[in-house]
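Chain by chain, the residues:
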Amino acid sequence: MECVFGLVGDGFVIVVADTSAVNSILVHKTNEDKIMKLDSHKLVAASGESGDRVQFTEYIQKNVALYQFRNGIPLTTAAAANFTRGELATALRKNPYMVNILLAGYDKETGPSLYYIDYIATLHKVDKGAFGYGSYFCLSMMDRHYHSGMSVEKAVELVDKCIMEIRSRLVVAPPNFVIKIVDRDGAREYAWRESVKDTPVAQPEALEV
């Protein structure tokens, strides 16, 4: 049911994730942010088992921050991707994490980059990538419409096409998505695409004594 995808444009990377927290046939919430900010210029979008996803992405985030604290310089996106792959490979032989990751970042020297890391510690640098059931639809859309050097407006237009395709063709399609961008100005939230909003639970009226 999860859908995570991303693509590299002209000077930026855009990543998208659904926001549903699901267990079996139950939807617990529809505003779960699955895209974590590693540092000022890196994002990690993850899918997989909820506990593994949260624990592993927080572990990577804290270790990236620890490296910068100890050495005074941040890890490059490539170094962060290789560190993440190494931790997944180590865990694979002990207690595997069922987590798939798209790691996006921007470096002054090399520009924007996107790395595909799956749960068996496969690492690839890609221009576009996706995980989850939604990948069956958005990968074909990106194969058809993606080209290098896309502007932010064209990339967001393609993202919206992917989301509409997922919503219209996937029988268990998640209703809401969050879109984030990383470029030379840093990592930030760009927009939400919501068809369902969590409503606050009504408080029961106080019982009269």
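Residues numbered from 1 in each chain as written. Predicted model: local features only at pLDDT ≥ 70, side-chain atom pairs only at ≥ 80, totals over all residues. Heavy atoms only, no water.

**What to know about the sheet that holds strand E5 (residues 35-39)**
Threshold: By the convention used here, strands pair only if DSSP detects at least 2 bridges between them. A run of H or I in DSSP counts as a helix once it spans at least four residues, and a run of E counts as a strand once it spans at least two, with each numbered from the N terminus. Axis angles are defined between N-to-C directions and span 0 to 180 degrees, where every axis is a line fitted to C-alpha atoms and, for a helix, only to the segment in contact. Note on contacts: a residue pair qualifies if any of its non-hydrogen atoms lie within 4.5 Å across the two residues.
On the basis of which strands lie adjacent, the open sheet formed by 5 strands has the order E5-E6-E7-E8-E9 and antiparallel pairing. A strand with exactly one partner marks an edge of an open sheet, and here the two such strands are E5 and strand E9 (123-126). Between one strand axis and the next, the sheet turns through 25° on average, direction left out of account. Sheet topology places strand E8 (residues 111-117) next to E9; 4 bridges connect them, and they run antiparallel. Bridge pairing links Ile117 to Leu123 in E9. The strands touched by helix H1 (residues 50-71) within the sheet are E5, strand E6 (42-48) and strand E7 (99-107), with E5 carrying the most contacts at an inclination of about 15°. Along the sheet face, helix H2 (residues 77-92) touches E6, E7, E8 and E9 and points at about 160° away from the line of E7.

**Structural notes on the layout of surface pockets**
Here is the rule we go by: Here a cavity means grid points, on a 1 Å grid over the protein atoms only, where a 1.4 Å probe fits yet cannot get out; a pocket means an open set of points with protein on both sides within 12 Å along at least five of seven lines; lining residues are those with an atom within 4 Å of a point. Grid points are joined across faces, edges and corners, and a volume is the space filled by probe spheres set on the points. For this scheme, ten residues count as nonpolar: Ala, Val, Leu, Ile, Met, Phe, Trp, Tyr, Cys and Pro. Four count as charged, namely Asp, Glu, Lys and Arg, and the remainder, Gly too, count as polar.
The volume enclosed by the largest pocket comes to roughly 530 Å³. Considering the residues around the largest pocket, the lining is formed by 27 residues, among which Met1, Glu2, Val22, Asn23 and Gly48 are closest to the centre. Those elements giving two or more residues to the lining of the largest pocket turn out to be strand E3 (21-23), strand E4 (26-29), E6, H1 and E7. Looking at the lining of the largest pocket, the element that brings in the most residues is E3, giving 3 residues. Looking at the lining of the largest pocket residue by residue, the classes come out as 13 nonpolar, 9 polar and 5 charged. By volume, the second largest pocket amounts to about 280 Å³. Along its surface, the second largest pocket is lined by 13 residues, and His41, Pro74, Tyr106, Asp107 and Lys108 are the ones closest to its centre. The class makeup of the residues in the lining of the second largest pocket is 3 nonpolar, 4 polar and 6 charged.

**Here's the deal with the sheet that holds strand E10 (residues 128-132)**
Across the sheet, which stays open at both edges, the 5 strands sit in the order E10-E1-E2-E11-E12 with antiparallel pairing between neighbours. Sheet topology places E10 and strand E12 (186-193) at the edges, where each strand pairs with a single neighbour. On average, adjacent strands in this sheet sit at an angle of 15° to one another, irrespective of strand direction. Two elements, strand E1 (residues 3-8) and strand E2 (residues 12-18), share 5 bridges in a ladder whose sense is antiparallel. Paired with Leu7 across the two strands is Ile14, which belongs to E2. Against the sheet, helix H3 (residues 135-145) makes contact with E1 and E10, and its axis sits at roughly 165° relative to E10, the strand it touches most.

**As for the side chain of Glu2**
Put simply, the test is: Polar contact criterion, stated in full: a pair of N or O atoms within 3.5 Å, where within protein one must be able to donate a hydrogen and the other to accept it, and residues adjacent in sequence count only if both atoms are side-chain atoms.
Within the secondary structure, Glu2 sits in the segment before E1. Of the polar contacts made by the side chain of Glu2, one reaches the side chain of Lys34; its length is 2.9 Å. For Glu2, the side chain forms a polar contact with the main-chain nitrogen of Gly48, separated by 2.6 Å. Leaving out residues up to four positions away in the same chain, Glu2 has contacts with Asp18, Lys34, Ser47, Gly48, Arg53, Phe131, Gly132, Tyr133 and Gly134.

**Here we look at the pairing of E6**
Put simply, the test is: Only protein chains enter the accessibility calculation, which uses a 1.4 Å probe; a residue whose area is less than 20% of its type maximum is buried, one above 50% is exposed, and one in between is partly exposed.
Summarising burial for E6: 6 of the 7 residues are buried, a large majority. With 4 bridges joining them, E5 and E6 adopt antiparallel strand pairing. Of the residues in E6, the one forming a bridge with Asp39 is Lys42. Once E5 ends, the chain turns through 2 residues before running back antiparallel as E6. Sheet topology note: the E6/E7 ladder contains 7 bridges and is antiparallel. Residue pairing across strands places Lys42 opposite Gly105, the latter belonging to E7.

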